[in-house]
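# Chain and residue survey
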Amino acid sequence: MLDDIAGVAHEPAGDPHGTVALTHGAGGSRESPMLIAVCDEWARRGWLAVRYDLPYRRRRPKGPPSGSAAADQAGIVEAVTVIRALADGPVIAGGHSYGGRLTSMAAPDLNLDVLTLFSYPLHPPGKPERARTGHLPRITVPTVFTHGTADPFGSIAELQPAAALIDAPTAIVEITGARHDLRSKTLDVPALAVDAALHLLGRPPRDTR
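Residues numbered from 1 in each chain as written. Predicted model: local features only at pLDDT ≥ 70, side-chain atom pairs only at ≥ 80, totals over all residues. Heavy atoms only, no water.

To continue, consider the layout of surface pockets. One number sums up the size of the largest pocket: a volume of about 340 Å³. Together, 18 residues line the largest pocket, and Ser32, Pro33, Met34, His96 and Asp181 are the ones closest to its centre. Only α1 (33-44) and α6 (189-201) provide two or more residues apiece to the lining of the largest pocket. Of the residues forming the lining of the largest pocket, the biggest block, four residues, is contributed by α1. (1 Å grid on protein atoms, 1.4 Å probe; cavity = no way out; pocket = protein on both sides within 12 Å on 5 of 7 lines; lining within 4 Å. Points joined across faces, edges and corners; volume = space filled by probe spheres on them. Helix = DSSP H or I, 4+ residues; strand = E, 2+ residues; numbered from the N terminus.)

See below:
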């Protein structure tokens, strides 16, 4: 089944607590170092985590999104459906930048327990008037935003009112000094993001059972 969605599974040591589905940004793929690190962290905590390619990336190995965003959204629905069937328990989904944005747009159709968004692209760099927030009030699932304080796609000050549009609990994980790639020399970004998601889920942080 994972071959159908170009997915790679990170398996926990024992029976999974639940499943996690994560996808990439506009220029990336499932091989993003950040996705690998975050999925490794989820597996360490006892969850089955899958990183997968969006439909446009399955068609060609490099380049920006091609085709329609609606087709990529349909691919997200397909991927979450496949991954949900791999284990019982809560389902968490999200992604980096473009992949996270499309997952948030598909969220009303996904029946998720938590939505986790990395470097949510609030607007194109330097164009705050082109806000990508119109759909956020339709989201009714607890949502984590992991965001760099130097991200050109939106500041923390811009993200705070955007997160407040969501009709569910939210958390913002600030990565000091990080840009859109969320690289940090001092902070454990995967651990912080997973902690926040587990907190919204009502699970104790750093749960390794």
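Here we come to the side chain of arginine 51. Relative to the assigned elements, arginine 51 resides in strand β3 (residues 48-52). Since its relative accessible area comes to 8%, arginine 51 is described here as buried. In terms of polar contacts, arginine 51 uses its side chain to reach the side chain of histidine 10, at 2.8 Å. Sequence-distant contacts of arginine 51, that is, excluding residues within four places in its chain, are made with Ala6, Gly7, Val8, His10, Leu22, Arg30, Glu31, Leu35, Ile36 and Cys39. (Buried < 20%, exposed > 50% of the residue type's maximum accessible area, 1.4 Å probe, protein only. Polar contact = N/O pair within 3.5 Å; in protein donor to acceptor, adjacent residues only side chain to side chain. Contact = heavy atoms within 4.5 Å.)

Turning our eyes to something else, we now look at unusual backbone geometry. One can expect most non-glycine residues to show negative phi and most peptide bonds to be in trans. Phi at serine 119 is positive, roughly 55 degrees, even though this residue is not glycine. Assignment of secondary structure puts serine 119 in the loop between β5 (114-118) and β6 (143-148). Positioned with a positive phi, leucine 182 is a non-glycine residue whose angle comes to about 65 degrees.

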